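These are the residues of each chain, in order.
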Amino acid sequence: MIAVVQRCSRAQVSVGENIVGKIDFGLLVLLGVFRGDTKNDVKFLINKISKLRIFNDHNNKMNLSINDINGSVLVVSQFTLCGDISKGHRPSFINAATSDEANRLYVYFIEELERLDLNVESGKFGATMDVQLVNNGPVTFVLNSKD
C-alpha cells in the first residue's frame, strides 16, 4: 500500500460540480492499494501517518503530529500510484488491487483514521475526481507499507 502525504493549508475533492470532501489545515492523503495488501498494511500506514511530526511547533520546527494540531485529513483513492512505468511509455496496473479489494481497504483506512478522533473527509472511490490542494511548505512524503 502506498500513500502520498501532503501537509496542506486547505484541500478539497470534487466529483463533477459537487464538492465531496473539503478540509482546512491538515493532510491530504492519496492512497494506492496493491494486489495482496491487507489490513496490516492499513494499520502500518495509519500508525505512521498519525504520528508523523511534520507540523511546525512554536520554534518553527517540524515537531507536531496531525493529532497535536487537531488537524483534518482528506483521503483520496488513487490507483495510479500502483502503476508500473518501468517498461515502455504506457503504465501497467497489473499490480493494483481489484476494485472490490481496494475499496474495502480504502474504507477500512478511513475508519481507522476516524477511530483516532480525527476529522476525516474523503473522495469518492472509483470516480473521476478533481483535487485542489494548497500544499503548505511544500511538505510531501511518500510512504510504502512494504518499506
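What you see is a predicted model; the values in this text were computed from it and never measured.

Enquirer: Report on the overall build of the chain, specifying residues and quantitative values.
Expert: Across its full length, the chain holds three helices and eight strands. Ordering the α and β elements of the chain from the N terminus gives β-β-β-α-β-β-α-β-α-β-β. In summary, the chain has a C-alpha radius of gyration of 15 Å against a globular reference of 15 Å for 147 residues, a match within 12%. With the C-alpha coordinates of the chain rotated into their principal frame, the extents come out at 45 × 35 × 30 Å. Long-range pairs, those at least 24 residues apart, make up 72% of the contacts in the chain between residues at least 6 apart in sequence. As presented, the chain carries roughly 8,400 Å² of accessible surface, and 47% of it is formed by carbon and sulfur atoms. Here the chain holds 16 positive side-chain charges and 16 negative ones, and the gap between their average locations is 5 Å.

Enquirer: Could you give an account of helix α3 (residues 99–115), naming the residues involved and the relevant values?
Expert: Between the first and last C-alpha of α3 there are 24 Å, a value that for 17 residues agrees with the 24 Å anticipated at 1.5 Å per step. Along α3, the positions that sit buried rather than exposed are A102, L105, Y106, Y108, F109, I110, E112 and L113. Tucked inside the fold, the buried residues of α3 contact β3 (26–32), α1 (39–51), β6 (72–77) and β7 (119–122). Trailing α3 by a residue or two, D117 shows a phi angle of about 60 degrees, which is positive.

Enquirer: Give me the lowdown on the pattern of salt bridges, citing residues and values where you can.
Expert: Inspection of every chain in the model, using the stated rule, returns four salt bridges. Notably, a salt bridge pairs R115 with E112, separated by 2.6 Å at the nearest N-O pair. Residue R115 and its partner E112 are located together in helix α3, separated by three residues, close to a single helical turn. Note on R115: relative accessible area 55%, which makes it exposed.

Enquirer: Go over the nonpolar core with me, naming the residues and quoting the values.
Expert: When a protein is soluble and globular, its nonpolar side chains tend to lie buried together. Among the nonpolar cores identified, the biggest contains 29 residues, and I49 and F109 are the most heavily contacted of them. At the level of secondary structure, the elements contributing two or more residues to this core comprise β1 (2–15), β3, α1, β6, α3 and β8 (130–144). The element best represented in this core is α3, accounting for seven residues. Setting aside anything within four residues of it in sequence, one finds I49 in contact with A3, V5, L27, V29, I66, F109 and L143.

Enquirer: So what's going on with the side chain of N144? Which residues, and what values?
Expert: Note on placement: N144 falls in strand β8. Reaching out from N144, the side chain makes a polar contact with the backbone nitrogen of K146 at a distance of 2.9 Å.

Quick notes on the rules
- Residues numbered from 1 in each chain as written.
- Predicted model: local features only at pLDDT ≥ 70, side-chain atom pairs only at ≥ 80, totals over all residues.
- Heavy atoms only, no water.
- Helix = DSSP H or I, 4+ residues; strand = E, 2+ residues; numbered from the N terminus.
- Rg over C-alpha atoms; globule rule 2.2 N^0.38 Å.
- Contact = heavy atoms within 4.5 Å.
- Areas by Shrake-Rupley, 256 points an atom, 1.4 Å probe, with all protein chains shown as cover.
- Lys, Arg positive; Asp, Glu negative; His and termini not counted.
- Charge placed at Lys NZ, Arg CZ, Asp CG, Glu CD.
- Expected span 1.5 Å × (residues − 1).
- Buried < 20%, exposed > 50% of the residue type's maximum accessible area, 1.4 Å probe, protein only.
- Salt bridge = Lys/Arg side-chain N within 4 Å of Asp/Glu carboxyl O.
- Core = buried A, V, L, I, M, F, W, Y, C linked by side-chain atoms within 4.5 Å.
- Polar contact = N/O pair within 3.5 Å; in protein donor to acceptor, adjacent residues only side chain to side chain.

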